[in-house]
Every structure is written in C-alpha cells, then in structure tokens.
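Next come the chains, spelled out residue by residue.
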Amino acid sequence: SQQGEEDPQALSIQEGENATMNCSYKTSINNLQWYRQNSGRGLVHLILIRSNEREKHSGRLRVTLDTSKKSSSLLITASRAADTASYFCATQRGNNNDMRFGAGTRLTVKP
Amino acid sequence: NAGVTQTPKFRVLKTGQSMTLLCAQDMNHEYMYWYRQDPGMGLRLIHYSVGEGTTAKGEVPDGYNVSRLKKQNFLLGLESAAPSQTSVYFCASSYPGPPPWGETQYFGPGTRLLVL
C-alpha cells in the first residue's frame, strides 16, 4: 500500500510563482524524501529530511516535516518552465530497506 | 559513470511468455531495487537486494523473480507474463547509510513492458 499521499494531484502555475506540494503519511518514519520525474524518465532525488529535522533547504527548494501531523511540504520558489515534472514523496520506515512512494503531484509551469 | 542502466527500454510480450529485465549499476552500491509504476500510482516495490547473493520481497512480489549473482547486476524475471504486468519498470540502487537512516536511491530510465 502507498505510504505517502501527495496533494494536490495536479498543479498549474505561471513561471516565477511559488509551487507548494504536500505529502501525508500514515506510520512513523525514519526519513522522507522528495523525487522529481520528468516525463518518460526515471526519478531523480531532490532532498531528504530525517525524522528529527523540521526544515531543510536546497537551492530553490524548501522542505518541511511535521511528524506530529505526519505531513511534509515541498516548496519550489521562483518556478521555471524546466520545473515542469511530477513530484513524489517517499517515506522510509523502521530498519527495512523499502521506501513507499505516493502517487505524485503533476506540476506544470507555464512560461 | 553511466549510473543505473536498464535493458531493454521497451518490450512487447504475449500472455504466457517469459522475459528477463536487466539492471546494471557502476556506483558500487550495495542495495538494488525493482519497482513498477502504474498510471495514477506511485512506485511500488517488487523485490530488493541488500547485497550480492541476497534478495527479499517487496510490496508486490507475486509473478516476479529476481537474482543478484553479481553486485553490479540485478535481474527481474517474469516467468509467465500476464496483462496485469503491463507497466513501467524502474530499477534503483543505493549505498546504505548508517543505520537506522536510509540513503537516497538512484534510478534507471525505466523499461516499458506491454503484455498482450
């Protein structure tokens, strides 16, 4: 079963605007990761946030994690047309090695 | 470095046929994974391996077998393909981080499989 649920399923914005995507999950986790997938390609890792962290930044990306609400958000600032892709959150639990992915948010950035 | 490569890129099978998907990585990663991605769903883990000679079941293992005879290769086999196995298959690899933390995964470009 999927662990992460992204919201919204699809998001369309203008270039230069900020994009916010949310992820909720059901069980306790060790870390949560965000990945990007361009159409027809494999997933590319963006950022990892551990369960004892609340916020991380990487370039134009800002990720927050609220373990009490079992939710995370990914903010892309000053979006570009090249940011058009699907974004997935993935959670890693316990000591096992499998990650559970959500269904993704499809982001379209219009030039 | 080529990273993670997958062979073939696209394949059409008839119901009941068998095939093997090959994944290769040149990053000396210990862990390797096979996922399937279906429309409207996230990736689901089929099988994974934590080292040469080891394999373990993931979330949706039925109908698939795997082998990890060499550290750099992870093979996914379909013994008798079914239309329900039509999907895009992704291989990934990772280097284990200090427990209990995980590490990021590096993905291949995917194999599109159509079972008629």
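Quantities reported herein were computed from a predicted structural model and do not represent experimental measurements.

What counts, and at which threshold
- Residues numbered from 1 in each chain as written.
- Chains lettered and ligands numbered in written order.
- Predicted model: local features only at pLDDT ≥ 70, side-chain atom pairs only at ≥ 80, totals over all residues.
- Heavy atoms only, no water.
- Helix = DSSP H or I, 4+ residues; strand = E, 2+ residues; numbered from the N terminus.
- Buried < 20%, exposed > 50% of the residue type's maximum accessible area, 1.4 Å probe, protein only.
- Areas by Shrake-Rupley, 256 points an atom, 1.4 Å probe, with all protein chains shown as cover.
- Contact = heavy atoms within 4.5 Å.
- Buried area = accessible area lost by both parts, 1.4 Å probe.
- Salt bridge = Lys/Arg side-chain N within 4 Å of Asp/Glu carboxyl O.
- Nonpolar A, V, L, I, M, F, W, Y, C, P; charged D, E, K, R; others polar.
- Pairing = 2+ DSSP bridges.
- Axes fitted to C-alpha atoms, helices over the stretch in contact; angles between N-to-C directions.
- Phe/Tyr/Trp six-rings, centres within 6.5 Å; stacked < 30°, edge-to-face > 60°.

Focus: the overall build of chain A
Counting its secondary structure elements, chain A contains zero helices and eleven strands. Beginning at the N terminus, the succession of helices and strands in chain A can be written as β-β-β-β-β-β-β-β-β-β-β. For the C-alpha atoms alone, the extent of chain A along its principal axes is close to 45 × 30 × 20 Å. Of all 111 residues assigned to chain A, the portion counted as buried reaches 48%. Working note: accessible area of chain A is about 5,000 Å², and carbon and sulfur atoms make up 43% of it.

As for the interface of chain A and chain B
Listed by partner, the interface residues are 27 residues for chain A and 23 residues for chain B. A combined buried area of about 2,000 Å² lies between chain A and chain B, and 54% of that area is made up of carbon and sulfur atoms. Counting across the chain A and chain B interface gives one salt bridge. As a salt-bridge pair, E59 of chain B and R100 of chain A come within 3.8 Å of each other at their nearest N and O atoms. Sorting the residues of the side of chain A that touches chain B by element identifies β4 (31-37), β5 (43-50), β9 (85-92) and β10 (99-101) of chain A as the ones contributing at least two each. For the side of chain A that touches chain B, the class distribution of residues is seven nonpolar, 16 polar and four charged.

With respect to the sheet that holds strand β3 (residues 19-25) of chain B
Residues and elements named next belong to chain B. Strand order in the open sheet made by the four strands is β1-β3-β8-β7, with antiparallel pairing throughout. Across the chains shown, the open sheet's two edge strands, defined by having one partner strand only, are β1 (4-7) and β7 (64-67). When strand polarity is set aside, the average angle formed by the axes of neighbouring strands in this sheet is 20 degrees. Direction of pairing for β1 relative to β3: antiparallel, over a ladder of four bridges. Each bridged residue has a counterpart across the sheet, and for Q6 the counterpart in β3 is C23.

As for the pattern of salt bridges
All names here are of chain B. In this structure the tally under the stated criterion is six salt bridges over all chains. Residue R36 pairs with D38 through a salt bridge whose shortest N-O separation is 3.0 Å. As far as the burial class goes, R36 and D38 line up, both buried. Each of R36, D38 and R44 takes part in salt bridges that share partners, so that together they form one network.

Some details on the packing of aromatic side chains
With the rule as written, the count across this model stands at eight aromatic pairs over all chains. When the centroid spacing of 6.2 Å and the interplanar angle of 25 degrees are considered together, the rings of Y33 of chain B and Y35 of chain B count as stacked. Relative accessible area serves as the criterion here: at 0%, Y35 of chain B is assigned to the buried category. What links up through ring pairs into an aromatic cluster is the set Y35 and F101 of chain A together with Y33, Y35, Y48 and F107 of chain B.

Focus on the environment of Q9 of chain A
Residue and element names in this part refer to chain A. Note that Q9 resides in the loop between β1 (5-7) and β2 (10-14). Using a relative accessible area of 68% as the deciding quantity, one classes Q9 as exposed. As for Q9 and R106, which are separated by 97 residues in sequence, their C-alpha atoms are 6.1 Å apart. Beyond its immediate stretch of four places on either side in the chain, Q9 contacts G104, T105 and R106.

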